[in-house]
Amino acid sequence: MENINFDYNYIKNILLHDDYKTDEKIRLKADEIRQKYYGKKVFARGLIEISNICHNDCYYCGIRKSNRNIRRYRLESDDILECCENGYNLGFRTFVLQSGEDFYFNDYNLCIIIDRIKEKYPDCAITLSLGERSYESYKVLKSAGADRYLLRHETADNEHYKKLHPYNMSLENRKQCLYNLKNLGYQTGAGFIVGSPYQTVENIISDLKFMQELNPEMIGIGPFIPHHDTVFRNYDAGNIQLTLKLLSIIRIMFPRVLLPATTALGTISPTGREQGIKAGCNVVMPNLSPLKFRKDYELYDNKICTGEESAQCIECLKKRIESVGYYLDMSRGDYIME
Ligand code: SAM
Ligand code: FES
């Protein structure tokens, strides 16, 4: 493989222009790097959407508090444990608990849930994705047994951040949360939306620079997809080619990172997740949420996999992954340390 002079000007050029030969060169380099560290493995994480109640009002998000047209739900701890049991029997060894910012899930309630999961499934990793919390809260949850935390920074540019969020949310706090999570020893996930309204190539470069500084163990990026009940209902969805190029660039810049082929990628294109895997992704996150609530966790329009049983989802994903020459790995799939 020819060496690539990978500086920010070069990256900007790749992002601004579609050139099949260059794009393919980048993709092959990303694939080579991923195989060096992770072989042909694609790790599975069982996603449990524990509540769609949120006190935030992000302009792009379908479950934002101003959306009065969705049915709100919250899972009880017994329901969450049932999802884990179902997932464990299907072979999952990582559970991702994700929700809007729902005050019901205070430290006390969450510690009970984490404790129950860890007691029953000590061989499993717990990833939380519950939004911005205090340093103390992250600390307590870590002590209770949480291993990883996903918190996309969404955009690293302050002006852009203000165009996507109401005045009471701040990029500074979001970044601080990420540094707190890193300091507390979580495997930490940052990330951003590709093609969000008003995003420029410079914004994306700021995202990459911020992540180089943070050095996260996980990075989640996916295309923007409009939701009909949000401020951005009439904006265009993010571009798949741009998302795929960014996935490869991220793999090259962060060789050992855990990088999911997201549901949003599978929503904008029927083969989006397969293409994501070919571009350097090494994680998939099938849904373990109860079927009766799946449609209520609608972050964007036409979200896929809301009607299938978890067992069906995993079979479908397994085939998709194998169709591009990789295989589904059900182990905990921790970050490889240096
Ligand atoms: N509340 C938690 C938080 O803020 O991190 C987790 C849930 S939040 C819904 C998960 C992610 O969904 C966000 O970080 C955002 O990037 C993504 N998301 C929300 N709306 C989206 C949209 N319309 N298109 C693509 N991604 C979206
Ligand atoms: Fe709260 Fe999206 S606005 S999860």
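Structure first, text after, so check above.
Rules used throughout
Residue positions are counted from 1 within each chain, in the order its sequence is given. Written order determines the labels here, with chains lettered from A and ligands numbered from 1. Thresholds applied to this predicted model are a pLDDT of at least 70 for local features of residues and 80 or more for the giving and counting of side-chain atom pairs; totals over whole chains, interfaces and linings are not thresholded and use all residues. Heavy atoms throughout the structure, all of them, feed into the side-chain values; hydrogens and water do not. Whether a residue is buried, partly exposed or exposed follows from its accessible area with a 1.4 Å probe, protein chains only, as a fraction of its type maximum: under 20%, in between, or over 50%, in that order. Only runs of H or I of at least four residues qualify as helices and only runs of E of at least two qualify as strands under DSSP, and these elements are numbered from the N terminus. This arc describes the spread of directions from the helix axis toward the C-beta atoms. To get an axis, fit a line to the C-alpha atoms, keeping to the stretch in contact for a helix; angles then go from 0 to 180 degrees between the N-to-C directions. Relative orientations are named as follows: roughly parallel for angles under 35 degrees, roughly antiparallel for angles over 145 degrees, roughly perpendicular for angles from 65 to 115 degrees, and oblique for any other angle. Put simply, a crossing is left-handed when the front helix is turned counterclockwise from the back one by less than a right angle, and right-handed when it is turned clockwise. In what follows, residue pairs with any heavy atoms lying within 4.5 Å of each other are defined as contacts. Three classes are used, and their members are as follows: Ala, Val, Leu, Ile, Met, Phe, Trp, Tyr, Cys and Pro are nonpolar, Asp, Glu, Lys and Arg are charged, and the others, Gly among them, are polar. Only when DSSP finds a minimum of two bridges between them are two strands counted as paired. Call a crossover right-handed when, viewed with both strands pointing away from you, the route from the first strand across the helix to the second goes clockwise. Multiply 1.5 Å by the residue count of a helix minus one, and that product is the helix's expected span.

Undergrad: Hey, could you run me through helix 5 (residues 135-144) in this one?
TA: Along an α-helix, residues three or four positions apart point the same way, because every turn accommodates 3.6 residues. Within the sequence span of helix 5, burial applies to Ser 137, Tyr 138 and Leu 141. Looking straight down helix 5, one finds its buried side chains confined to an arc of 100 degrees; they lie on one side. Just downstream of helix 5 lies Gly 145, where phi reads positive at about 130 degrees.

Undergrad: Sorry, what's going on with the packing of helix 9 (residues 240-253) against helix 11 (residues 272-279) here?
TA: Helix packing geometry: the angle between the two helix axes and the distance between the axes. Running from amino to carboxyl end, helix 9 crosses helix 11 at an angle of 30 degrees, the nearest separation of the two axes being 8 Å. On the basis of the axis angle, helix 9 is roughly parallel to helix 11. The two elements helix 9 and helix 11 meet at a crossing, and its hand is right-handed. Contacts from Ile 240, Leu 244, Leu 247 and Ser 248 of helix 9 reach helix 11 at Gly 272, Gln 275, Gly 276 and Ala 279. For the contact of helix 9 with helix 11, the class distribution of residues is four nonpolar, four polar and no charged.

Undergrad: For this particular structure, what's the right way to read the pairing of strand 6 (residues 187-194)?
TA: Side-chain direction in a regular strand flips from residue to residue, so the side chains alternate between the two faces of the sheet. Strand 6 sits mainly inside the fold: eight of its eight residues count as buried. As paired strands, strand 6 and strand 7 (residues 218-223) are joined by six bridges and run parallel to one another. Residue Ala 190 lies in a different strand from strand 7, and its bridge partner there is Ile 219. Each parallel crossover has a hand, and for strand 6 linked through helix 8 (residues 201-214) to strand 7 it is right-handed.

Undergrad: I would appreciate a short explanation of helix 13 (residues 310-323) in the present structure.
TA: End to end, helix 13 covers 20 Å across 14 residues, agreeing with the expected 20 Å (1.5 Å per residue, within 8%). The set of residues buried in helix 13 consists of Ser 310, Cys 313, Ile 314, Leu 317 and Ile 321. The buried residues of helix 13 occupy an angular sector of 95 degrees when projected down its axis, which confines them to one face. Opposite the buried face of helix 13, by more than 90 degrees, sit the exposed residues Lys 319 and Ser 323. Those residues of helix 13 that are buried are in contact with strand 1 (41-44), helix 3 (77-90), helix 11, strand 8 (283-284), helix 12 (291-294) and strand 9 (327-329).

Undergrad: Before we go on, may I ask you to explain the environment of Gly 46 in this structure?
TA: Its location among the elements puts Gly 46 in strand 2 (residues 46-51). Judged by relative accessible area, which is 0%, Gly 46 ranks as buried. Taking the C-alpha atoms as reference, Gly 46 lies 15 Å from Leu 259; in sequence the two are 213 residues apart.

Undergrad: Help me understand the sheet that holds strand 1 in this model?
TA: Where strands meet in a sheet, backbone hydrogen bonds hold them as pairs that are either parallel or antiparallel. Read from one edge of the open sheet, three strands run 8-1-9, paired in parallel fashion. In this open sheet, the two strands that pair with only one neighbour each are strand 8 and strand 9. Bridge count for strand 1 against strand 9 is three bridges, and the pairing is parallel. The residue of strand 9 that forms the bridge with Lys 41 is Tyr 327. Along the sheet face, helix 13 touches strand 1, strand 8 and strand 9 and points at about 130 degrees away from the line of strand 9.

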